[in-house]
Amino acid sequence: PPASGVFDGPLLQVMQVRVLESGGAIIQYDETVSPEAVTELVGFLNDSVALAGPVALAPAGRDLPGPIVATAWTWKLTCDVVDLERLETFVSERSQDAPGVD
């Protein structure tokens, strides 16, 4: 099954692809994001039982185009601050574009 939940370290690329192709999303953050903001993202993941597919939250393993980046199959949302409404909309709408797993 695809990875989901909160991760302490960056996700391997193979894990990222598995999440995305299965209709999930990945939310990554860089070192500039405060611990309070990370706690808010963790709460979002734990409270959002209505999310369409698996969602993984992890620190970035490489440079991101912004402090917080949500990725779904062929889609990317960049946020300068935690915006739970935008993240929830992105995750629920964009996961339908994935090809699915074999």
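On a predicted model such as this, the values are computed, not experimentally measured, just so you know.

Bringing the sheet that holds strand 3 (residues 55-59) into the picture now. Taken in spatial order, the five strands line up as 1-3-2-4-5 in an open sheet, and their pairing is mixed. Each end of this open sheet is capped by a strand with a single partner; those strands are strand 1 (5-6) and strand 5 (75-79). In this sheet, strand 5 lies alongside strand 4 (residues 68-72) in antiparallel orientation, the contact comprising five bridges. Its bridge partner lying in strand 5, Thr71 is registered against Lys76. Running at roughly 135° to strand 2 (residues 25-29), helix 1 (residues 13-21) makes contact with strand 2 and strand 4 of the sheet. Those strands touched by helix 3 (residues 84-94) are strand 2, strand 3, strand 4 and strand 5, and its axis lies near 175° from that of strand 5.

Moving on: the packing of helix 2 (residues 35-47) against helix 3. The angle between the axes and the distance between the axes are what describe a pair of packed helices. Interaxial distance between helix 2 and helix 3 falls to 11 Å at its minimum, and their mutual angle equals 40°. Here helix 3 runs oblique to helix 2, going by the angle between their axes. For the element pair helix 2 and helix 3, the recorded crossing hand is right-handed. Along the contact surface, helix 2 presents Glu40, Leu41 and Phe44, while helix 3 presents Leu84, Leu87 and Glu88. Here the contact of helix 2 with helix 3 is composed, by residue class, of four nonpolar, no polar and two charged.

With that settled, the discussion passes to the packing of aromatic side chains. As enumerated under the stated definition, the model contains zero aromatic pairs in all. The cationic tip of Arg94 hangs over the ring face of Trp75; the distance from NZ or CZ to the ring centre is 3.7 Å.

Next up on the list: the pairing of strand 2. Burial runs high along strand 2: five of the five residues are buried. Judged by which residues are buried, strand 2 turns out to be covered on both faces: Ala25, Ile27 and Tyr29 on one side and Ile26 and Gln28 on the other are all buried. With five bridges connecting them, strand 2 and strand 3 associate as parallel partners. What sits directly across from Gln28, in strand 3, is Ala58. Summarising the sheet, strand 2 and strand 4 pair through four bridges and their orientation is antiparallel. Each bridged residue has a counterpart across the sheet, and for Gln28 the counterpart in strand 4 is Val69.

With 20 residues, the main nonpolar core has Ile27, Tyr29, Leu41, Ile68 and Leu87 as its most contacted residues. If you list the elements that add at least two residues to this core, you get strand 2, helix 2, strand 3, strand 4, strand 5 and helix 3. Of the residues forming this core, the biggest block, five residues, is contributed by helix 2. Residues within four places of Tyr29 in sequence aside, it is in contact with Val38, Leu41, Leu57, Ala58, Pro59, Ala60, Leu64, Pro67 and Ile68. The next biggest cluster of nonpolar side chains, apart from the first, holds seven residues, and it includes Ala3, Leu11, Val19 and Leu20.

Conventions used here
Each residue is numbered by its place in its chain's sequence as written, counting from 1. Since the coordinates come from a predicted model, pLDDT governs what is reported: local features require at least 70, and pairs of side-chain atoms require 80 or more to be given and counted, while whole-chain, interface and lining totals use all residues. Only heavy atoms go into the side-chain values, all of them from the structure, while hydrogens and water stay out. DSSP bridges decide pairing: two strands pair if at least two such bridges lie between them. Each helix is a run of H or I in the DSSP string that is no shorter than four residues. Each strand is a run of E no shorter than two, and both are numbered from the N terminus. Contacts are assigned to residue pairs with any non-hydrogen atoms lying within 4.5 Å of each other. For helices, the fitted axis covers only the stretch in contact; all axes are lines through C-alpha atoms, and the angles between them, taken along N-to-C directions, range from 0 to 180 degrees. Any angle that falls under 35 degrees is termed roughly parallel, while one over 145 is termed roughly antiparallel, one within 65 to 115 roughly perpendicular, and all others oblique. Handedness of a helix crossing follows the sense of rotation of the near helix relative to the far helix, less than a right angle counterclockwise being left-handed and clockwise being right-handed. When residue character is reported, Ala, Val, Leu, Ile, Met, Phe, Trp, Tyr, Cys and Pro are called nonpolar, Asp, Glu, Lys and Arg charged, and the others, Gly included, polar. Geometry of aromatic contacts follows a simple scheme: Phe, Tyr and Trp rings, the Trp one being its six-membered ring, pair when their centres are within 6.5 Å, and the pair is stacked under 30 degrees between planes, edge-to-face over 60, tilted otherwise. A ring is considered to have a charge above it if a Lys NZ or an Arg CZ atom is located within 6 Å of its centre and within 35 degrees of its normal. Only protein chains enter the accessibility calculation, which uses a 1.4 Å probe; a residue whose area is less than 20% of its type maximum is buried, one above 50% is exposed, and one in between is partly exposed. As used here, the term nonpolar core means buried Ala, Val, Leu, Ile, Met, Phe, Trp, Tyr and Cys residues forming a set that is joined through side-chain atoms within 4.5 Å.

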